Amino acid sequence: MKKLIQLYVSWFKMGLFTFGGGYAMLPMIQKEVIEKYHWATEDEVMDYYAIGQCTPGVIAVNTSTFIGYYQAGVPGAIAATLGVVTPSIIIISIIAGLITNFSSLAIVQHALNGIRVAVCMLMINAVLKLGKGNIKNKIGFLIFAVALIFAMFTKVSTVLLVIGAGIAGVVFSRIGWLKKNA
Amino acid sequence: MPKLLLMFLEFFKTGLFAVGGGLATIPFLREIGVRYGWYTMSDLSTMIAVSESTPGPMGVNMASYVGFSQYGVLGSIVVTLGLVLPSLIIICIIANFLEKFKEAKLVQQIFAGLKPAVVAFIAVATIDILVTTLFGDYTFSTFHWKQFICLFVLLALSKYKPKLHPIWFIVASAVVGIVFAF
């Protein structure tokens, strides 16, 4: 029971302070899930993101379900998932009920523009750290570069890119160019 | 069928078929609005704006908003649960499967290819938010120098205090944004 409450509270916190999509939650996950509670390694979180990217649903929610499940089975998955969505329900209910012109208020705009700078900084640090940990050889860098170019400049669906990267992983491993710890 | 149940089912369907995060839910929400008339397209754009400017994953925020607009807090809870239930079920199944096969060579090879690609997706998300923050958009017609200085200070600060929780950076930068009218 203690574990379930811990999962709920921790994911509540992450939901409350995430602005933007699932990727913007990454710095928060690094802090709470990886460093503070040791619920998953950085490696595992990357796997969950990859799967969350090509399964239905919101990526942040999918990641919370994964981590909750591995900590405490289905009840853990439910606790973490409910935790990450509760702040949305509360905040949206308050705002939709009281301040319909919320997003056009000057003070909200200024605060959000400020928050965006922090999110920028957090994500720059996160991506540099992840790059160091996950791109370990030339083939890894090649996959990174190709995925980056496609995601940045084409409209190819991310699902296809994930599938392509998975196939590349298998092919390059089989011909011995991509070794696990090389 | 009672309207609340119908809403639950429609959002369950959205959660089941919207692959790729919060933005992927928008076409579904548009269709629901057109088909049932629960909200107009102008309501939808307000919902998107509010969902983007409040904490929490955007897809979850939108579901909370639609639910609240029809049935208050109860609607907000029911519709949000409808949205996340499919991925909760799917991820539990995948997590269970992954636990059994994660030592399998093929699975490890696939993930060896996926990791660099996920870093690329996160890098693209980071570039997007960086450009939006500093230049407004990809036309690069304006330069927000206040944000640029703030980002520089935050990056330096994060090197100096790497253990600080991301929440503090977010709160501080919201205050800075308001004080300096970002």
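All values derive from a computational prediction rather than experimental measurement.

Observations regarding the overall build of chain A
Point 1. From N to C terminus, chain A includes seven helices and zero strands.
Point 2. In sequence order, chain A lays out its α and β elements as α-α-α-α-α-α-α.
Point 3. The principal-axis extent of the C-alpha atoms belonging to chain A is close to 60 × 40 × 25 Å.
Point 4. Each of the 182 residues in chain A was classed as buried or not, and the buried ones make up 57%.
Point 5. Of the contacts made within chain A by residues no fewer than 6 positions apart, 58% connect residues no fewer than 24 positions apart.

What about the overall build of chain B?
Point 1. Of the regular secondary structure elements, chain B holds seven helices and zero strands.
Point 2. Dimensions along the principal axes, computed over C-alpha positions, put chain B at roughly 55 × 50 × 30 Å.
Point 3. Split into buried and exposed, the 182 residues of chain B put 48% on the buried side.
Point 4. Of the contacts formed within chain B by residues at least 6 apart in sequence, a portion of 40% connects residues at least 24 apart.
Point 5. Put simply, chain B shows about 8700 Å² of open surface, and 73% of that area lies on carbon and sulfur atoms.
Point 6. Here chain B holds 12 positive side-chain charges and 8 negative ones, and the gap between their average locations is 9 Å.

Looking at the domain arrangement of chain A
All names here are of chain A.
Point 1. Looking at chain A, the domain boundaries give domain 1 (1-101), domain 2 (104-134) and domain 3 (136-181).
Point 2. Summarising the inter-unit geometry, the C-alpha centres of domain 1 and domain 2 are found 18 Å apart.
Point 3. In this assembly, twelve residues from domain 1 lie in contact with eleven residues from domain 2.
Point 4. Contact with domain 2 buries surface across domain 1, with Phe19, Glu42 and Asn101 losing the most and accounting together for 42% of the total.
Point 5. Across the pair glutamate 42 and lysine 129 runs a salt bridge whose closest N-O atoms are separated by 3.1 Å.
Point 6. Seen at the junction of domain 1 and domain 2, the total is one residue pair in polar contact (both at pLDDT 80 or more).
Point 7. Examining the composition of the side of domain 1 that touches domain 2, we find that four residues originate from one element, helix H2 (residues 26-36), more than from any other.
Point 8. By residue class, the composition of the side of domain 1 that touches domain 2 is seven nonpolar, two polar and three charged.

Details of the UniProt feature "transmembrane region" (unreviewed entry) in chain B
All names here are of chain B.
Point 1. Using the residue numbers shown here, the UniProt feature "transmembrane region" (unreviewed entry) corresponds to residues 6-29, 73-98, 110-132 and 164-181.
Point 2. Here residues 73-98 is 100% helix and 0% strand, with 36 Å between the C-alpha atoms at its ends.
Point 3. Taken end to end, residues 164-181 is 78% helix and 0% strand, and its two terminal C-alpha atoms sit 25 Å from one another.

Concerning the interface of chain A and chain B
Point 1. Counting residues at the interface gives 92 residues for chain A, matched by 87 residues for chain B.
Point 2. Around 7900 Å² of area is buried between chain A and chain B when both sides are counted, 79% of it from carbon and sulfur atoms.
Point 3. Between the two partners, chain A and chain B, sit two salt bridges.
Point 4. Asp43(A) is paired through a salt bridge with Lys115(B); the nearest N and O atoms lie 3.7 Å apart.

Some words on the UniProt feature "transmembrane region" (unreviewed entry) in chain A
All names here are of chain A.
Point 1. As recorded in UniProt, the sites labelled "transmembrane region" (unreviewed entry) are residues 7-29, 49-70, 77-99, 105-128 and 135-153.
Point 2. With 96% helix and 0% strand, residues 77-99 has end C-alpha atoms that lie 33 Å from one another.
Point 3. Along residues 105-128, the helical share is 96% and the strand share 0%, with 35 Å between the first and last C-alpha atoms.

Some thoughts on the pattern of salt bridges
Residue and element names in this part refer to chain B.
Point 1. Considering all chains together, one arrives at nine salt bridges over all chains under this definition.
Point 2. Residue glutamate 10 pairs with lysine 13 through a salt bridge whose shortest N-O separation is 3.5 Å. Of this pair, glutamate 10 and lysine 13 both sit in helix H1 (residues 3-17), three residues apart, which is roughly one turn of that helix.
Point 3. By relative accessible area, glutamate 10 is classed as buried at 7%.
Point 4. Each of Glu10, Lys13, Glu31 and Arg35 takes part in salt bridges that share partners, so that together they form one network.

Topic: the environment of Asp137(B)
Point 1. Among the structural elements, Asp137(B) can be located in the loop between helix H5 (105-135) and helix H6 (145-160).
Point 2. Measuring from C-alpha to C-alpha, the distance between Asp137(B) and Leu155(B) comes to 22 Å, with 18 residues separating the pair along the chain.

Some remarks on the packing of aromatic side chains
Point 1. Counted by the stated rule, this structure contains 15 aromatic pairs over all chains.
Point 2. Seen in terms of ring centroids, Tyr37(A) and Trp39(A) are 4.4 Å apart; in terms of plane orientation they differ by 10°. Their pairing is stacked.
Point 3. With a centroid separation of 5.5 Å and 55° between ring planes, the pair formed by Phe143(B) and Phe148(B) is classed as tilted.
Point 4. Judged by relative accessible area, Phe143(B) falls into the partly exposed class, the value being 42%.
Point 5. Under the relative-accessibility criterion, Phe148(B) is labelled partly exposed at 40%.
Point 6. Taken together, the ring pairs connect Phe135(B), Tyr138(B), Phe140(B), Phe143(B) and Phe148(B) into an aromatic cluster.

Observations regarding the nonpolar core
Point 1. Counting 111 residues, the largest nonpolar core has Trp11(A), Met25(A) and Tyr49(A) as its most contacted members.
Point 2. Counting residues per element, this core draws most heavily on helix H4 (residues 59-98) of chain A, which supplies 16 residues.
Point 3. The contact partners of Tyr49(A), leaving out residues within four places of it in the chain, are Gly22(A), Tyr23(A), Met25(A), Leu26(A), Ile29(A), Ile59(A), Thr63(A) and Val118(B).

The rules we used
- Residues numbered from 1 in each chain as written.
- Chains lettered and ligands numbered in written order.
- Predicted model: local features only at pLDDT ≥ 70, side-chain atom pairs only at ≥ 80, totals over all residues.
- Heavy atoms only, no water.
- Helix = DSSP H or I, 4+ residues; strand = E, 2+ residues; numbered from the N terminus.
- Buried < 20%, exposed > 50% of the residue type's maximum accessible area, 1.4 Å probe, protein only.
- Contact = heavy atoms within 4.5 Å.
- Areas by Shrake-Rupley, 256 points an atom, 1.4 Å probe, with all protein chains shown as cover.
- Lys, Arg positive; Asp, Glu negative; His and termini not counted.
- Charge placed at Lys NZ, Arg CZ, Asp CG, Glu CD.
- Domains from an automatic or database assignment.
- Buried area = accessible area lost by both parts, 1.4 Å probe.
- Salt bridge = Lys/Arg side-chain N within 4 Å of Asp/Glu carboxyl O.
- Polar contact = N/O pair within 3.5 Å; in protein donor to acceptor, adjacent residues only side chain to side chain.
- Nonpolar A, V, L, I, M, F, W, Y, C, P; charged D, E, K, R; others polar.
- UniProt positions renumbered as here; feature names shortened; annotations may be inferred.
- Phe/Tyr/Trp six-rings, centres within 6.5 Å; stacked < 30°, edge-to-face > 60°.
- Core = buried A, V, L, I, M, F, W, Y, C linked by side-chain atoms within 4.5 Å.

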